[in-house]
Amino acid sequence: IAPRINYIAPRLGAWLAIRLRLGCRCRFAKPIDVTQSGKPRPAWLVLTVLLLTACTPNSDSEFAVYRDRLGRTLKLDLPPPDPLKAPLSEANSIAAVAIAEIRFELLDMLALDSCGLQPNKPSLGNLIAERNSSLGKVMAYSTQLQYEIKLLQALEACIADEQAPADLRETLKQTYLQKQQQLPARLLNFLQLDTTLRQQIFGSQRPLDLTSGQAVETRLALQNLIALKQHIQHKDYLQASQIDINQQIAALYQGQVLADLQHSLRSNLTQLQQLNRQLQHWDPAWCKAETQDILQQVLLQVFIGKLQLQLAHQDGIAQQLLPQLNTLYADTTLASTVTERFQQPWQQLHIELKRHIAWWQQLRNACKR
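We now turn to the structure provided with this report. The shown structure was predicted, so the numbers you read here are calculated from the model rather than taken from an experiment.

**Section: the overall build of the protein chain**
- Summing up its helical and strand segments, the protein chain has 15 helices and zero strands in all.
- Relative to its 369 residues, the protein chain shows a buried fraction of 49%.
- Long-range contacts, defined as pairs at least 24 residues apart, comprise 83% of the intrachain contacts of the protein chain with a sequence gap of at least 6.

**Overview of the nonpolar core**
- Ranked by internal contacts, the top residues of the largest apolar core, which has 58 residues, are Leu145, Phe190, Leu228 and Tyr329.
- In terms of residue count, the dominant contributor to this core is helix H7 (residues 141-159) (nine residues).
- For Leu228, the contacting residues outside a window of four places in its chain are Leu145, Ile149, Ala240, Ile243 and Ile245.
- With 24 residues, the next largest nonpolar core counts Leu74, Val298, Phe303 and Cys367 among its residues.

**As for the state of the cysteines**
- Applying the stated criterion across every chain, the model contains one disulfide.
- One disulfide bridge connects Cys287 with Cys367, the sulfur atoms lying 2.0 Å from each other. Here the disulfide of Cys287 and Cys367 is left-handed, its torsion about the S-S bond being about -80°. A residue pair is termed long-range when its members are at least 10 positions apart, and Cys287 in the loop between helix H13 (257-278) and helix H14 (289-328) and Cys367 in helix H15 (residues 335-367) qualify at 80 residues.
- Judged by relative accessible area, Cys367 falls into the buried class, the value being 12%.

**Overview of the pattern of salt bridges**
- What the rule picks out here adds up to five salt bridges.
- In this structure, Arg186 engages Glu148 in a salt bridge whose closest nitrogen and oxygen atoms are separated by 3.6 Å. Here the residue Arg186 occupies a position in helix H8 (residues 166-193), and Glu148 occupies one in helix H7, the gap between them amounting to 38 residues.
- Classification of Arg186 by relative accessible area gives buried; the value is 4%.
- Taking relative accessible area as the criterion, Glu148 reaches 2% and is therefore assigned buried.

**Remarks on unusual backbone geometry**
- A positive phi angle, close to 60°, is found at Lys235, a residue other than glycine.
- Secondary-structure assignment places Lys235 in the loop between helix H10 (216-233) and helix H11 (237-241).
- Even without being a glycine, Gln256 presents a positive backbone phi close to 55°.
- As for its position among the elements, Gln256 is in the loop between helix H12 (245-255) and H13.
- Classification of Gln256 by relative accessible area gives buried; the value is 10%.

**So, the packing of aromatic side chains**
- Taken as a whole and assessed by the stated rule, the structure comprises four aromatic pairs.
- Relative to Phe303, the ring of Tyr66 lies with its centre 5.1 Å away and its plane at 15°, an arrangement referred to as stacked. Here the residue Tyr66 occupies a position in helix H3 (residues 59-74), and Phe303 occupies one in helix H14, the gap between them amounting to 237 residues.
- Judged by its relative accessible area of 0%, Phe303 is buried.
- Consider the rings of Trp359 and Trp360, whose centres lie 5.1 Å apart with planes at 80°: the pair is edge-to-face. The burial state of Trp359 is the same as that of Trp360; both residues are buried.
- Here a set of aromatic residues connected by ring pairs shows up, and it is made of Trp282, Trp286, Trp359 and Trp360.

**Quick notes on the environment of His281**
- Following the sequence through the fold, His281 ends up in the loop between H13 and H14.
- In sequence terms His281 and Leu76 are 205 residues apart; their C-alpha atoms lie 9.5 Å from each other.
- Once residues lying within four places of it in the same chain are set aside, the contact partners of His281 are Leu76 and Trp286.

**A few points about helix H9 (residues 195-202)**
- For H9, a buried count of six out of eight residues is recorded, marking the element as mostly surrounded by other parts of the structure.
- Among the residues of H9, those classed as buried are Thr196, Leu197, Arg198, Gln200, Ile201 and Phe202.
- The backbone nitrogen of Thr196 has a side-chain oxygen 3.1 Å away, supplied by the residue at the start of H9, namely Asp194.
- One or two steps after H9, the chain reaches Gly203, where phi turns positive at roughly 90°.

**Remarks on H12**
- Within the sequence span of H12, burial applies to Ile245, Gln248, Ile249, Ala251 and Leu252. Projected down its long axis, H12 carries its buried residues within an arc of 155°, all on one side. For H12, exposure combined with an orientation more than 90 degrees from the buried face picks out Tyr253 and Gln254.
- Buried residues along H12 sit against H7, H8, H9, H10 and H13.
- The opening residue of H12, the one whose side-chain oxygen lies 3.2 Å from the backbone nitrogen of Asn246, is Asp244.
- Looking one or two residues past H12, Gln256 carries a phi angle of roughly 55°, positive in sign.

**Some points on the side chain of His350**
- Counting through the fold element by element, His350 comes out in helix H15.
- With a relative accessible area of 13%, His350 lands in the buried category.

**Considerations on the packing of H9 against H13**
- Here H9 crosses H13 at 20°, and the two axes come no closer than 6 Å. Classified by the angle between their axes, H9 and H13 sit roughly parallel to one another. Listed contacts from H13 to Gln199, Gln200, Ile201 and Phe202 of H9 are Val257, Leu258, Ala259 and Gln262.
- Among the residues making up the contact of H9 with H13, the classes are represented as five nonpolar, three polar and no charged.

Cut-off values and rules
Residues numbered from 1 in each chain as written. Predicted model: local features only at pLDDT ≥ 70, side-chain atom pairs only at ≥ 80, totals over all residues. Heavy atoms only, no water. Helix = DSSP H or I, 4+ residues; strand = E, 2+ residues; numbered from the N terminus. Buried < 20%, exposed > 50% of the residue type's maximum accessible area, 1.4 Å probe, protein only. Contact = heavy atoms within 4.5 Å. Core = buried A, V, L, I, M, F, W, Y, C linked by side-chain atoms within 4.5 Å. Disulfide = S-S within 2.5 Å. Salt bridge = Lys/Arg side-chain N within 4 Å of Asp/Glu carboxyl O. Phe/Tyr/Trp six-rings, centres within 6.5 Å; stacked < 30°, edge-to-face > 60°. Polar contact = N/O pair within 3.5 Å; in protein donor to acceptor, adjacent residues only side chain to side chain. Arc of directions from axis to C-beta. Axes fitted to C-alpha atoms, helices over the stretch in contact; angles between N-to-C directions. Parallel < 35°, antiparallel > 145°, perpendicular 65-115°, else oblique. Nonpolar A, V, L, I, M, F, W, Y, C, P; charged D, E, K, R; others polar.

Shown next as structure tokens:
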């Protein structure tokens, strides 16, 4: 194995073809309803495999087939790992950052309706009325953040309006500074408490598959949210206002790529960790010619031909999205959760893949194939 490998799966076919010097004696596997000894397979196992093959193949279903084929060939019991644990409880207990409300007197509202008016921009008075409406009082965190950015722009326009009363402009300056100081807290509440973002981080119960696409929309949404965060940090509210926050959230929700990727990484890791532990046992009977021929089929047809494709697809998506996800959640309470549920499984999966390839190499050397 080369000293530096970004990911095993994309190179697995070529690597194993060279290292194991496999021949071209690939044959189709024996029917799934018959064991290697000729005894009928249990009905529940036949039904399970039929259900798996009836659905769109994914890494979970391909691991199930791979585990079954290895178990039958090696005459080992290879049960699947326990289901993944639920989201971390401490992440669910994050509280919103308290933000003081700033109110205007009724007399000020009359002046605010006409100050700093800009083409195609709402007046400051209208924005304040929107916030005080019944819908404004129950704004989602994403909508609150977008509103506050617009409000800062309207405040800037009124402060710069020399026709506005001097005492009002002075009051607005103080309000502007307070709103400016509060904006990072509103950004933090959005990142940590928005329902869609939390769902993406905590994951789904389904893996990615080859029909998941290349996550282009998800990548663009993360890029835009990172840009939003940077504009807020640099106090560039004009550029921040150009990003439609709810549009980015909608792209993440519709794709569900991050949620499915999180499940895939953790599921693949637990599957491969358990399989590597189970295969530590060594049996000289594995070197029989018939067994070796069938193992070669399993390696080429199932592991390299199917499972490797799923892992490579998922890894390509992880390489695109995880650096962006880490950047977006840097300096937040959820940063450690992102590391634990995305970054660490991704890195550990590479290690387990190397171990699994080493097992195949050990098998070849022991049997002198």
